[in-house]
Amino acid sequence: MENLFLASVTIGLSMFAAQYWGSRDIDSMENVFGYTMKVTLIVSTFFFLVGLCIPDILMSLFTNDTALIAHGSLYLRAVSVSFLLTGISQIYLCTLKNSGKVSIAGSISSVCVVINIILNAVFIFGLLGFPKMGIAGAALATVIARLAEVMWCIFVTARKSQVKLHLKKIITCNKELRSDFWKHTAPVLGNEIVWGIGFTMYSVIMGHLGSDAAAANAIANIAKNLVACFCLGLGSGSGIIIGNELGAGRLDSAREYGSKLCKLSIICGAVSGVFLLLLIPFVLMLTDLSPQANTLLKGMLVMCSYYLIGKSVNSTTIAGIFCAGGDSKFGFLCDTVTIWCVTVPLGFLAAFLFHLPVLTVYFVINLDEIIKLPAVYRHYKKYLWVKNLTVKEKSK
């Protein structure tokens, strides 16, 4: 849940930060930076305390296996402080990306991921003279990597960024800014929740089709999500580019960039799909599944390849271009209708009423990104997203 919250808040922050940076309104950008940090600190502290104080209750919501509850509780309690650190670092990184420091933000994230991987090996298996810590070692590695990420962000922001975090702007906030922030961010939060719960329902459906289907689905989702990072990165970058142009008042230029980015998203999705198809032999070679599960996995990965085209286009338009201009309600409505009125009901019917083959069910629940495309194209051509939010703010 914290990840869903952070995803929505960082998109909301980007809506305003990108436009303020485009208009070179540093003071307003620092105001929204401070406010989002305050909101994130409150929510992340809540998740930190829950993970620290009642991890066993959390685990019991997902399983009744006492061994899993014991191990999961140990991990949650040890890793809980990272929930707070992650909230802080994500707001810093989002601000850096929207203030012309994309390469620095990328370097911080990449290096800290590598640190996490290395420390996982060291602490879990007891390398380099450290004791073998197992699952607690994985948690410790995550906490150290997140702490390094936060400290690096603070250092860079204090030394090399025009946009800085001020204590006064964390404590106090302009009421009009707060109102406008949630006006545009609340639909994004709703969208993330709708999508997150819907994605969970997909896993529930596949999980009830047998162990082979569940295993193949889990691996297919990992492979799909890893390759989709390229598409998601394009979406994030699109929001920054369009937001900068809109904030600077270059509305015609924003339209032109939007058109180019949409075309680029189709190319990126197609290339990602082909790349995933090429990876299929390696994925099958690395997995230790039954012959039946391997057959299912191969079919699922083929379906994921064209799914990525829709994912790329929708990430670029809905999460990037539309939100850059404050047009955030469309994504919420689109996902609500697509997931909860189409794919989830059809998935349950296909699996439990008609008892269709596993791959047919998988095909149905992976239609969401594809069936959105006509509505997304139509909404894009309305150009409701071509809006300078900073003009409205300054006129108040």
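These numbers were taken from a predicted model, which means no experiment stands behind them.

**Concerning the packing of aromatic side chains**
- Evaluated as defined, the whole model comprises 14 aromatic pairs.
- With a centroid separation of 5.9 Å and 50° between ring planes, the pair formed by Tyr383 and Trp385 is classed as tilted.
- In this structure Tyr383 comes out as partly exposed when scored by relative accessible area, which is 22%.
- Each member of the aromatic cluster is reached from another via a ring pair, and the members are Phe16, Tyr20, Tyr35, Phe181 and Trp182.
- Over the ring of Trp21 we find Arg24, and its NZ or CZ is 4.7 Å from the ring centre.

**A word on the state of the cysteines**
- Within the structure shown, the criterion is met by zero disulfides.
- Cys94 takes part in no disulfide bond, and the closest cysteine sulfur, belonging to Cys153, lies 11 Å away.
- According to the relative accessible area criterion, Cys94 is buried, its value standing at 6%.
- Between Cys323, a cysteine without a disulfide, and Cys94, which holds the nearest cysteine sulfur, the sulfur-to-sulfur distance is 12 Å.
- For Cys323, a relative accessible area of 7% translates into the label buried.

**Some words on empty space enclosed by the protein**
- Scanning the model with the defined rule gives one cavity of 30 Å³ or more in all.
- Along its surface, the largest cavity is lined by Trp195, Phe199, Tyr202, Ser203, Asn217, Asn221, Lys224, Tyr307, Tyr362, Ile365, Asn366 and Asp368.
- Looking at the lining of the largest cavity, the elements with two or more residues in it are helix 8 (175-207), helix 9 (211-247) and helix 13 (358-365).
- A total of four residues in the lining of the largest cavity trace back to one element, the largest contributor, which is helix 8.

**Description of a nonpolar patch on the surface**
- Together, Leu346, Leu349, Leu353, Phe354 and Leu356 line one region of the surface with nonpolar side chains, adding up to about 460 Å² of accessible area.
- Leu346 gets classed as partly exposed once you look at its relative accessible area, which sits at 42%.

**Re the packing of helix 11 (residues 291-324) against helix 15 (residues 373-382)**
- Running from N to C, helix 11 and helix 15 point in directions that differ by 35°, and their axes come no closer than 11 Å. Considering only the axes of helix 11 and helix 15, their crossing is left-handed. Residues Gly310, Val313, Asn314, Thr317, Ile318, Ile321 and Phe322 of helix 11 form the contact with helix 15, whose own contacting residues are Leu373, Val376, His379 and Tyr380.
- For the contact of helix 11 with helix 15, a count of residues per class yields seven nonpolar, four polar and no charged.

Basis of the calculations
- Residues numbered from 1 in each chain as written.
- Predicted model: local features only at pLDDT ≥ 70, side-chain atom pairs only at ≥ 80, totals over all residues.
- Heavy atoms only, no water.
- Phe/Tyr/Trp six-rings, centres within 6.5 Å; stacked < 30°, edge-to-face > 60°.
- Buried < 20%, exposed > 50% of the residue type's maximum accessible area, 1.4 Å probe, protein only.
- Lys NZ or Arg CZ within 6 Å of the ring centre and 35° of its normal.
- Disulfide = S-S within 2.5 Å.
- 1 Å grid on protein atoms, 1.4 Å probe; cavity = no way out; pocket = protein on both sides within 12 Å on 5 of 7 lines; lining within 4 Å.
- Points joined across faces, edges and corners; volume = space filled by probe spheres on them.
- Helix = DSSP H or I, 4+ residues; strand = E, 2+ residues; numbered from the N terminus.
- Patch = residues over 30% accessible without salt bridge, like charges linked within 9 Å, V, L, I, M, F, W, Y side chains within 5 Å.
- Areas by Shrake-Rupley, 256 points an atom, 1.4 Å probe, with all protein chains shown as cover.
- Salt bridge = Lys/Arg side-chain N within 4 Å of Asp/Glu carboxyl O.
- Axes fitted to C-alpha atoms, helices over the stretch in contact; angles between N-to-C directions.
- Left-handed = near helix turned anticlockwise from the far one by under 90°.
- Contact = heavy atoms within 4.5 Å.
- Nonpolar A, V, L, I, M, F, W, Y, C, P; charged D, E, K, R; others polar.

As far as function goes, none of this settles anything; it's purely spatial.
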